[in-house]
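Read off the chains here:
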Amino acid sequence: MRYTHKLLALAAFFLLPGAADAASTLKVFPSSVELEGQEDRQSLIVQEVDDQGVTRDVTTTAKFTLADGTLATLSGQTLAPKKDGSTKLLIESGKLKIEVPLVVKDAAKARSVSFRLDVMPVFMKHGCNNGSCHGAARGKDGFMLSLFGYDPAGDYYRLTRAIVGRRVDLAAPEKSLLLEKTTATVAHTGGKLFDTKHDDYKTLLSWLKAGAPDDGANTPEPTGVELLPSKVVFAGKDQIQKTVVLAKYSDGSVRDVTRLALYMTNNEAIAAIGKDGVVKGGGRGGAFVFARFGKFTVGSEVIVLPTGDNFVWPKAAEFNYIDGLVFDKLKKLHLAPSDLATDEAFLRRVYLDLIGLPPSREEHDAFVADKDAKKRAKLIDTLLERPEFVDMWTMKWGELLRIRAANNNPQYGRDAKAMFSYAAWVKEQMAKNRPLNEFAAELLVGSGSNFRSPPANLYTSSERLTPEKTGEDIAQVFLGTRIQCSQCHNHPFDRWTLDDYYGFAAFFAGVNMKRGVEGREVVVTNNNAANTVAHPVDGRRMKPKFLGGAVPEVEGQDPRKALAAWLTSPENSAFAQTQANIIWSHFFGRGIVEPVDDVRISNPPSNKELLEELGKKLAGYGFDKKKLVRDICNSRTYQLSATPNATNDLDETNFSHSYVRRLRAEVLLDTITRVTGTEDRFNLSPAGTRAVQIHTGEVTNYFLTTFGRAPRESACSCEVNLEANLSQALHLVNGDTITQKIAQSKLITGLLADKKSTEDVIEELYVRTLCRKPTADEKKKLADIVRRETTEPQRLRELVAIQTKADPNYAKSEERLGVLRAELAKLPKGSKEAISVAKQLETLEQQQAAIRKRVEAAAIITVYGDILWGLFNSTEFTFNH
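Definitions and cut-offs
Residues numbered from 1 in each chain as written. Predicted model: local features only at pLDDT ≥ 70, side-chain atom pairs only at ≥ 80, totals over all residues. Heavy atoms only, no water. pLDDT = per-residue confidence, 0-100. Contact = heavy atoms within 4.5 Å. Pairing = 2+ DSSP bridges. Helix = DSSP H or I, 4+ residues; strand = E, 2+ residues; numbered from the N terminus. Axes fitted to C-alpha atoms, helices over the stretch in contact; angles between N-to-C directions. Core = buried A, V, L, I, M, F, W, Y, C linked by side-chain atoms within 4.5 Å. Buried < 20%, exposed > 50% of the residue type's maximum accessible area, 1.4 Å probe, protein only. Polar contact = N/O pair within 3.5 Å; in protein donor to acceptor, adjacent residues only side chain to side chain. Patch = residues over 30% accessible without salt bridge, like charges linked within 9 Å, V, L, I, M, F, W, Y side chains within 5 Å. Areas by Shrake-Rupley, 256 points an atom, 1.4 Å probe, with all protein chains shown as cover. Salt bridge = Lys/Arg side-chain N within 4 Å of Asp/Glu carboxyl O. Lys, Arg positive; Asp, Glu negative; His and termini not counted. Charge placed at Lys NZ, Arg CZ, Asp CG, Glu CD. Disulfide = S-S within 2.5 Å.

K.L.:
Can you walk me through the confidence of the model for the chain in this structure?
P.N.:
One rule of thumb: low pLDDT means the predicted coordinates there are not for detailed reading. With 97% of its residues at a pLDDT of 70 or more, the chain has an overall mean of 91. Ignoring residues within four places in sequence, the model shows residues 1-21, a span with pLDDT below 50, making eight contacts including any to other chains.

K.L.:
Just checking my understanding: could you explain the sheet that holds strand S19 (residues 285-293) for this structure?
P.N.:
The pairing of strands in a sheet happens through backbone hydrogen bonds and is either parallel or antiparallel. Strand order across the open sheet formed by four strands is S12-S20-S19-S16, with mixed pairing between neighbours. The two strands at the open ends of the sheet, each matched to only one other strand, are strand S12 (231-234) and strand S16 (262-265). Direction aside, the axes of adjacent strands within the sheet are offset by 25 degrees on average. Inspection of the sheet shows S16 paired to S19 by four bridges, in the antiparallel sense. Residue pairing in the sheet places Thr265 in a bridge with Val289 of S19. Packed on one face of the sheet, helix H7 (residues 321-333) meets S12, S19 and strand S20 (296-304) and runs near 65 degrees to S20.

K.L.:
I'm lost on the nonpolar core in this one. Help?
P.N.:
Of all hydrophobic cores here, the largest spans 140 residues; its most connected members are Leu354, Trp397, Leu401, Phe478 and Phe587. Residue contributions to this core peak at eight residues, all from helix H17 (residues 573-588). Once residues lying within four places of it in the same chain are set aside, the contact partners of Trp397 are Val426, Met430, Leu436, Phe439, Val477, Phe478 and Gln579. Within the second largest apolar cluster, 44 residues are counted, among which are Ala271, Phe296, Val298 and Val302.

K.L.:
Even after reading the chapter, I still don't get the sheet that holds strand S3 (residues 42-43), so can you show me in this structure?
P.N.:
Taken in spatial order, the three strands of this open sheet run S3-S8-S7, and their pairing is antiparallel. Edge positions in the open sheet fall to S3 and strand S7 (72-75), since each of these has one partner strand only.

K.L.:
Just checking my understanding: could you explain the side chain of Asn320 for this structure?
P.N.:
Positionally, Asn320 belongs in the loop between S20 and H7. For Asn320, the side chain forms a polar contact with the main-chain nitrogen of Ile322, separated by 3.1 Å. Only 2.9 Å separates the side chain of Asn320 from the backbone oxygen of Asp631, close enough to count as a polar contact. When residues no more than four places from it in sequence are discounted, the contact partners of Asn320 are Asp631, Asn634 and Ser635.

K.L.:
What is the right way to read the environment of Asn129 from this model?
P.N.:
Structurally, the position occupied by Asn129 is in the loop between helix H3 (115-125) and helix H4 (152-160). When the C-alpha positions of Asn129 and Lys331 are compared, they lie 42 Å apart, and in sequence the two are 202 residues distant. Other than its neighbours up to four places away in sequence, Asn129 contacts Phe123, Met124, Gly135, Leu145, Ser146, Leu147, Phe148 and Gly149.

K.L.:
Can you walk me through the side chain of Thr243 in this structure?
P.N.:
By the secondary structure assignment, Thr243 is in the loop between strand S13 (240-241) and strand S14 (244-249). Looking at Thr243, its side chain comes within polar contact range of the main-chain oxygen of Gly277, at 2.5 Å. Among residues more than four places away in sequence, those in contact with Thr243 are Ile45, Leu227, Leu228, Pro229, Thr258, Tyr263, Gly277 and Val279.

K.L.:
Would you mind showing me how to read a negative patch on the surface here?
P.N.:
A cluster of like negative charges, contributed by Glu36, Asp84, Asp106 and Asp251, occupies part of the molecular surface. Tracing the chain through its elements places Asp106 in the loop between strand S10 (96-105) and H3.

K.L.:
Would you take a moment to explain the state of the cysteines for this structure?
P.N.:
What we call a disulfide is simply a covalent bond connecting the sulfur atoms of a pair of cysteines. If you walk through the whole model with that rule in mind, you get one disulfide. Between the sulfur of Cys716 and that of Cys718 lies a disulfide, 2.3 Å long from S to S. Since a negative S-S torsion denotes a left-handed disulfide, the Cys716-Cys718 link at about 135 degrees is right-handed. A residue is classified by how much of its surface remains accessible, and Cys716, at 16% relative accessible area, is buried. The closest cysteine sulfur to the non-disulfide-bonded Cys128 is located on Cys133, 5.8 Å from its own sulfur. There is no disulfide at Cys633, and the cysteine sulfur nearest it, in Cys771, is 15 Å away.

K.L.:
What is the right way to read the pairing of S19 from this model?
P.N.:
The side chains of a regular strand alternate, first on one face of the sheet and then on the other. Within S19, eight of the nine residues are buried, which leaves the element mostly enclosed by the surrounding structure. Where S19 and S20 come together, nine bridges link them in antiparallel fashion. Of the residues in S20, the one forming a bridge with Phe288 is Glu301. In textbook terms, the turn of a hairpin is the stretch between consecutive antiparallel strands, and for S19 and S20 this stretch comprises two residues, one of which, Gly294, has a positive phi near 60 degrees.

K.L.:
How should I be thinking about the pattern of salt bridges in this particular structure?
P.N.:
Tallied over the entire structure, the rule returns 58 salt bridges. In this structure, Arg482 and Asp597 form a salt bridge, with 2.7 Å as the shortest nitrogen-oxygen distance. Highlighted residues: Arg482 in the loop between helix H14 (467-479) and helix H15 (498-505) and Asp597 in the loop between H17 and helix H18 (608-620), separated in sequence by 115 residues. Given a relative accessible area of 3%, Asp597 falls into the buried group. What emerges from the salt-bridge pattern is a single network uniting Arg361, Asp365, Glu763, Glu764, Arg768 and Lys779.

Take a look at the structure:
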């Protein structure tokens, strides 16, 4: 009741005059304006933000007042220069006020239209140079532009010099095919793009009237783009927010390119964005909208809150910083976290995640009986020190590093001996808990014999690794970035360009391989005089350049050393966040960026603040993965139940509940093996080796292949397949893996030998497989089945008949009995032949009777085996929850 009174009091406060204004703030984008040149313009966006972070676009209702109206003109919300000077723009919305500094430079100076700065953005805006139009590999309708404008010089040549006079008519600019196509004056496959009154038409016409000049060598280039506001929180559906896009140039200038930017969204149902950059809220949830200009793509987060749901945040205690960051996002989305998982659900989850094995019955009972409030934290600490934890992360890095043998390529491949050396080295690093930055750095500079210096195997493979392919793999594994798309053109959905791609590849240009003393040995060296690669467009020799960073001075040196220092530096947030995201994904079944190796602007993190903090923590821990794993497992977020509530049942990205995920192939097989007390045999491994411990990608079996074990043929995280399919279900039901393991297992016979009751045996099977005791209803139904199948004479006879019918030897003996009986009936009674046949018949009948007796005696084992088979085939067993 007191809580209700507080809510009513709070509501009354917000209804008081001026209360909302007092709690709100006003933001203007951009926060300061500098106009330079006669043609410069700057649009302004005004946003009101309340104390809950909810935003409202008040641009059209706000009042704009220039302190000095002689310096600039104000048309709506757009500023234009009049004369040089400085002043302020006052913006008012209700009782809220804010001032924007304004500087005007070179107001009387006109700027000529630029091909790169003005014309090419028009092509991008209207899709002329995208992959489905003239940006296609062969162009379209006889005309080709470089995809997304990666080759401005080539585009200028093809537009103005290839077939002179066809596309550009300088004598009569208005008659240029370039204009007539865009206005659909003549037939155009792309249709009408704009009319003669459109600003883009005027830009093209001005350029043509000026003689269609090419740009000079000093023409500034875009160095970055900003989409504002960077965050929008709508109070409900159908609200709108205008945006402004600013481009920064190499000469220090900033230009409003809102009209020229290309806009996209990653979820149209939540946040749509029009060609004019206006965002419109849809259904509840979070999304990102993007603006592309030149070679840059930038994004802004959009959250749409539900309306009328009467949401009340539950009293959910935060266990550590992770919960604070996750819950902050959930509050904004009106998603209540699920309850905590039960002790048994947590126990199974944390065992499978940390060591890849289920708890034993003794471990289960001890944990459940423990009354210590810190027992979960203590268990996590214990499991982190288990050798199986080392095996889990050795396996994961074996996948990332593609550890497998390739004996058919002695010049550059990886022999089985080298593979074992490589795998053993990785396991040693994991066992020592080697800091991840040191681990990665040693790999990057790997040189020498791939037998004696295992890290050198980073550069050996089943295929000869080119500098380009090596750069792609390194970027994907250590930076979570797929740069493959920028090999032929600028990345369409990220900031990477051809220059970035070939600059990064140049780090590996000098890597060479030669045969060692032993025929199977490969020696990796680096030619310090060959640290460049050719640019495919203009043939430039590209020097090593950090991805998204500077060009290091590595002349005459092994550039990989500089790369290792930069990439693994605590200041390199990309490396820290990628490794933190990989670790997070292991425990939640999905990354904060998903897939974990596809970090790009157009695939933003579901919780940016969380990812950034995890990266900082990992770096702050000296890249000690155990410390971050401990934080994750101790968080309430990790320990949430997999059972959703009414608010979060559709949530798949914000970690409001534990996500049900199928056990990976190795863990599933090891769990079945552990429960049944059997062992597996794999090629190149001793008996008793667990699937998680298999060193190499090419060693597998039907079960592991069916359930998606990574072949380790590429660096892609997609190689590990956790999707459930029909083949897996059929193999569990009809395959020989479970059938043989149950048959070989001494689990049930051991329980019966210990004189366990029916109910106790059933409970034991449940605890070993599902890590929980059966419900009263489950126990009663199964106990009734056991007693019916093993005590009722008719059911016993039916069971014996089913079992013996499946035995081919028993069936043959039954056929022989029939033959003997028929033969005996034909023989004279008392004859020597009849006596001989009768003895054979009697002996065989006794043998068959003995078999039936054994089957009858084993009926209880068979019934319990069927129960175990059923548990193995349940989704509760095959999925982690």
